[in-house]
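A look at the structure
Each chain is listed here by its residues.
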Amino acid sequence: MKTYRVDISSWTASFRYPNLISGLQPTLEVPPLSTVLGLINAAAGQYLEHEDLIIGYYFEFAAKATDLETIYMIEAGKNGQGSNSGKSNVIQREFLFENRLSLYCADSKIIDFFREPVFPLLLGRSGDLASVEQIEEIELAEIDHAEKIRGQIIPLKGNFLPGVIQALPKYFTNTFPRQNIGTEPFSVIRYNVFDLTTKIAAFRDHTLQKDGVDIYFHHFKL
Amino acid sequence: MATIDYKQDYLTQRTGDPFADTGAHVIQLMQEKSPEKTILQLIEEATNIYVRNWGGGINAFFLNSKITQPAFLGERKKEESMAYFQRLLSNEEPYEEGYCRILGQKTKLFSTGRDNHILAGSGTFINFHHGYQEGLKVAKEVIIRMFFVPLGAIQLGKNIAVIGSNLEKVEALFVEDIFKANMVEVSHKQAKGVLKSDFTNPANALFEFASKSLNTSKVVIEEDDQVEIHLYHFTNFGASPEVNLYCFSARLFAFYRKAMKINYRSIWQSFVNDFYRNSKNSGAVYNNATNQYELEVKKEKKNFEYQEYRVWFNVIYHKLLRNQSILKNFLYWSSNKYKQQAVFNIWPVVELYQTQLHNMKKTTLDKIRQIADYLIEDEDKIKRRLNRLRLEVSNVYQLKRFLIQTIGDHYQEKQPARPLITLEEFVDDLFPEGTYGLEIKDLLMIALYERLCEKNIPVELEGEDVLEDDRPNFN
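Residues numbered from 1 in each chain as written. Chains lettered and ligands numbered in written order. Predicted model: local features only at pLDDT ≥ 70, side-chain atom pairs only at ≥ 80, totals over all residues. Heavy atoms only, no water.

Chain A appears in an unreviewed UniProt entry as CRISPR-associated protein Cas5 family from Haliscomenobacter hydrossis.

Take the overall build of chain B next. Looking only at helices and strands, one finds 18 helices and 12 strands in chain B. In terms of overall dimensions, chain B has C-alpha extents of about 95 × 55 × 40 Å along its principal axes. Long-range pairs, those at least 24 residues apart, make up 70% of the contacts in chain B between residues at least 6 apart in sequence. Charged side chains of chain B number 60 positive and 63 negative; the gap between the two group centres comes to 3 Å. (Helix = DSSP H or I, 4+ residues; strand = E, 2+ residues; numbered from the N terminus. Contact = heavy atoms within 4.5 Å. Lys, Arg positive; Asp, Glu negative; His and termini not counted. Charge placed at Lys NZ, Arg CZ, Asp CG, Glu CD.)

What follows concerns empty space enclosed by the protein. Counted according to the given criterion, the structure contains five cavities of 30 Å³ or more. Reported here for the largest cavity is a volume of approximately 70 Å³. Surrounding the largest cavity, A:Ile165, B:Arg14, B:Gly16, B:Asp17, B:Pro18, B:Asp21, B:Gly164, B:Ser165, B:Glu171, B:His230 and B:Tyr232 form its lining. For the lining of the largest cavity, the elements supplying multiple residues, two or more each, are helix H2 (18-33), strand S5 (159-165) and strand S6 (229-235) of chain B. (1 Å grid on protein atoms, 1.4 Å probe; cavity = no way out; pocket = protein on both sides within 12 Å on 5 of 7 lines; lining within 4 Å. Points joined across faces, edges and corners; volume = space filled by probe spheres on them.)

Attention now goes to helix H8 (residues 250-259) of chain B. Residues and elements named next belong to chain B. Taking burial as the measure, the 10 residues of H8 include seven buried ones, the bulk of the element. Looking only at H8, the buried set comprises Ala250, Leu252, Phe253, Phe255, Tyr256, Arg257 and Ala259. On its buried side, H8 packs onto helix H7 (202-215), S6, strand S7 (242-248), helix H9 (262-273), helix H11 (315-321) and helix H13 (347-357). (Buried < 20%, exposed > 50% of the residue type's maximum accessible area, 1.4 Å probe, protein only.)

Right, let's talk about the pattern of salt bridges for a bit. Residues and elements named next belong to chain B. Inspection of every chain in the model, using the stated rule, returns 49 salt bridges over all chains. With its nearest N and O atoms 2.9 Å apart, the salt bridge here joins Lys169 to Asp225. Separated by 56 residues along the polypeptide, Lys169 in helix H6 (residues 168-187) and Asp225 in the loop between H7 and S6 bring together distant segments of the chain. (Salt bridge = Lys/Arg side-chain N within 4 Å of Asp/Glu carboxyl O.)

This next bit is on H6(B). Note: α-helices contain 3.6 residues per turn, so residues at a spacing of three or four share the same orientation. All names here are of chain B. Here H6 spans 28 Å end to end across 20 residues, near enough to the 28 Å set by a 1.5 Å rise per residue. By the burial criterion, the buried members of H6 are Val170, Glu171, Leu173, Phe174, Val175, Glu176, Asp177, Ile178, Phe179, Asn182, Met183 and Val186. Those residues of H6 that are buried are in contact with H2, helix H3 (39-53), strand S4 (154-156), S5, H7 and S6. (Expected span 1.5 Å × (residues − 1).)

All names here are of chain A. Direction of pairing for strand S1 (residues 2-13) relative to strand S6 (residues 129-139): antiparallel, over a ladder of nine bridges. Along S6, the bridge assignment pairs Val6 with Ile135. Hairpin connection, strand S5 (residues 121-122) to S6: the antiparallel pair is bridged by six residues, and Gly124 has positive phi, about 120°. (Pairing = 2+ DSSP bridges.)

Residue and element names in this part refer to chain A. With respect to the helices and strands, Arg150 occurs in the loop between strand S7 (141-143) and strand S8 (152-155). Polar side-chain contacts of Arg150 include one of 2.3 Å to the side chain of Asp195. The residues touching Arg150, leaving out its near neighbours within four places in the chain, are Tyr58, Ile189, Arg190, Tyr191, Val193, Phe194, Asp195, Gln209, Gly212 and Val213. (Polar contact = N/O pair within 3.5 Å; in protein donor to acceptor, adjacent residues only side chain to side chain.)

Residues and elements named next belong to chain B. By the definition in use, this model includes 42 aromatic pairs over all chains. Centroid distance Trp268 to Phe271: 5.8 Å. Interplanar angle 45°. Geometry classified as tilted. Linking Trp268 with Phe271, this pair stays in helix H9, spanning three residues, or about one helical turn. Like Phe271, Trp268 is buried. Linked through ring pairs, Phe207, Phe248, Phe253, Tyr256, Tyr276, Tyr286, Tyr293, Phe304, Tyr306, Tyr309, Trp312 and Tyr317 together constitute an aromatic cluster. (Phe/Tyr/Trp six-rings, centres within 6.5 Å; stacked < 30°, edge-to-face > 60°.)

Each partner contributes to the interface: chain B provides 49 residues, whereas chain A provides 43 residues. Taking both partners together, chain B and chain A bury about 3800 Å²; carbon and sulfur atoms supply 58% of that area. Summed over the shared surface of chain B and chain A, the number is zero salt bridges. Among the elements of the structure, H2, strand S1 (95-99), S6, S7, H8 and H13 of chain B are those that each provide at least two residues to the side of chain B that touches chain A. Among the residues forming the side of chain B that touches chain A, the class breakdown is 22 nonpolar, 19 polar and eight charged. (Buried area = accessible area lost by both parts, 1.4 Å probe. Nonpolar A, V, L, I, M, F, W, Y, C, P; charged D, E, K, R; others polar.)

Residues and elements named next belong to chain B. Strands sit in the order S9-S10-S11 across an open sheet of three strands; the sheet is antiparallel. In the strand order of this sheet, the two ends are held by strand S9 (285-287) and strand S11 (300-304), each with one partner. The mean inter-strand angle of the sheet, taken between neighbouring strand axes irrespective of direction, is 35°. Here S9 pairs with strand S10 (residues 292-297) via three bridges, running antiparallel. Following the sheet pairing, Tyr286 is matched in S10 by Tyr293. (Axes fitted to C-alpha atoms, helices over the stretch in contact; angles between N-to-C directions.)

Further remarks concern the confidence of the model for chain B. Do not read the predicted coordinates in detail wherever pLDDT is low. Residues and elements named next belong to chain B. Looking at chain B, the pLDDT average stands at 90 and 96% of residues meet or exceed 70. Highest mean pLDDT in chain B belongs to helix H5 (residues 140-148) (97); lowest belongs to helix H15 (residues 379-392) (87). Long-range and interchain partners of residues 468-475, a stretch whose pLDDT sits below 50, account for 29 contacts in this model, where long-range means more than four residues apart. (pLDDT = per-residue confidence, 0-100.)

Along the polypeptide, B:Asn159 turns up in strand S5. Side-chain polar atoms of B:Asn159 contact the side chain of B:Glu242, separated by 3.5 Å.

Looking now at the sheet that holds S7(A). Residues and elements named next belong to chain A. Spatially, the three strands line up as an open sheet ordered S7-S13-S14, and their pairing is antiparallel. Where the open sheet ends on each side, the last strands, each with one partner, are S7 and strand S14 (213-215). Between one strand and the next, the sheet's axes are offset by a mean angle of 45°, whatever the strand orientation. Two elements, strand S13 (residues 202-205) and S14, share three bridges in a ladder whose sense is antiparallel. Its bridge partner being in S14, Phe203 is matched across the sheet by Ile215.

Before going further, it helps to spend a moment on the packing of H2(B) against H5(B). In a packed pair of helices, the relevant descriptors are the angle between the two axes and the axis-to-axis distance. All names here are of chain B. H5 packs onto H2 with a crossing angle of 75° between their chain directions and a minimal axis gap of 7 Å. Relative to H5, the element H2 lies roughly perpendicular. For the pair H2 and H5, contact is made by Phe19, Ala20, Asp21, Gly23, Ala24, Val26, Ile27 and Met30 and by Ile144, Arg145, Met146 and Phe148, respectively. (Parallel < 35°, antiparallel > 145°, perpendicular 65-115°, else oblique.)

Moving on, we come to unusual backbone geometry. Residue A:Pro177 is reached from A:Phe176 by a cis peptide bond, and omega for that bond is -5°. Note that A:Pro177 resides in the loop between strand S10 (171-172) and strand S11 (180-181). Even without being a glycine, B:Asn291 presents a positive backbone phi close to 60°. For B:Asn291, a relative accessible area of 31% translates into the label partly exposed. Positive phi, normally seen in glycine, also occurs at B:Asn323, with a value near 60°.

On to the nonpolar core, then. In terms of nonpolar packing, the biggest core is built from 107 residues, with B:Phe61, B:Ile144, B:Phe148 and B:Leu151 touching the most fellow members. B:Val272, B:Leu327, B:Leu375 and B:Leu420 belong to the second largest nonpolar core, which has 97 residues in total. (Core = buried A, V, L, I, M, F, W, Y, C linked by side-chain atoms within 4.5 Å.)

Here we take up the pairing of S1(B). Residues and elements named next belong to chain B. Looking at chain direction, S1 and strand S2 (residues 106-112) are connected through five bridges and run antiparallel. Counted as the bridge partner of Glu96 is Leu109 from S2. Hairpin remark: S1 followed by S2, antiparallel, with six residues in the connecting loop; positive phi at Gly104, about 80°.

Right under this line is the structure:
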């Protein structure tokens, strides 16, 4: 299959577990689909209504560490508005270091957004600035029973692959407040696991890792 | 009276959220026990346990809930709690339409905070939620699921543990065991609060659970099942809600499953048992013959059975869970066994460990064993060779020099048709690019110690091996 690949890198990244708020804020080891689609919107400079989007991605990092972070907590005022009253606190936040996100999409319109991104690209928080390393057209070989599934999220249902299991959103609405769409359980599979046995159809990118990585393509409709 | 059909999917379908799914398993178990009861009656049953049996002690789950609220005393906790769930079920609590963050369904959404959801953050501090919403917005079914979590969770040390797995049957097994233990205590009127684990650290608890899942007849783990287990160790109590995640990876599970099989089990267990430590009983040493730890205090001997020491800190479990190498531990264990001149057979376990968890080729391990066999062939040269390897080889360059010297010795002694190590084996098996390095030395030492014991060849060891802090206690 002919497709495009956009390689994005960043020094730091942090992808929160969407429903955990704690004094230690762990990071997912692969971003959810909603983060990747948000990244495309940032590059496009607009909210995109995806009628039929087929997209795959791979994420790897060099290290994971924990940092102390000051947070500011704003108290609720009347009518649900934020009050002027707030206080600071210190939490521990996990973050990923030396990150690479490879995005696969055959739609050249989506890819073109990354040639001149409108808004800054971020991998997590506002400080996790990312940049486009390269964009290229590549050929991926189809694999019926993917073994090298790594650095990706895979729908749990029907696959039940090992990894951190989390309910993750696929996208967010363009409303205020934003609402998550398409939340379902996923296996979050880090980049450095050994081969798995699966029945998943995927496409192998031989240029990733030592023996290649099988990329699963998510089919997303709004 | 408002109710909902708890057999419907939203209360029990898998969501991926470890807390919501634990609650769902508990609901299913209670429903199996009392199929005639409505969800509100099940909530009442759980409330009765929390209030009457546990004295409202679910603070680690819910802060200032109707049950943990200090202002509500005795039966008022139950009344307030039931009134809340009645309002929730009949949509009398404030709600808005939208997509549930956990179920993913478009439905009526209710606000959650630390009083009715685990680690949802405080509704007071609104900048933690989308668009300054007061708390996470979820379906009522999710709030109900959360309410049942205390019956399917266990206290591990100071915090609470919830288990998740990619395989639902494994996850359900953990919840079922805890739920049933809770029900037994309730029926005997012995229940005092959240069920307490004998363990205090997650590593031992996870290995115990993995062991249980392999030995129970309640679930069958097939050979090709890729099982991964996650332990969420958390508290929602007081000013410091926190969560730590521990992962028992699929690869580790596959290794452990094989290590617990008949051909490896006793040697693996004997190795692991040597590495328990306990600060209150420092100096206790493991006796492999009795499978007990022994401690002498003021000339009095104290023995600890497995049931006692299994909860002590174990560095092997600790390292395996953190994906850290235990090869050095194998080496020190072998070295000490050698000093005791005890015959041992750890190599199959080392081989299993290296192939399963470090992707080492079997041919590499076979070659190492073959080199070890050659090194001990000539009894006159063993001492010099062993001590040279132990004391003079401290980097990969020196190891390569040692092996090249060995190839030379082998050639001179035997004039063989085939060298001890071919160029291909040296490059591809022993030193493939960017891989093993000094691991090869450690493996060679383990193989040598084992073979020397097996052949009953005592060698005078010069100098001292450098031992790490996590060395085991030996008798």
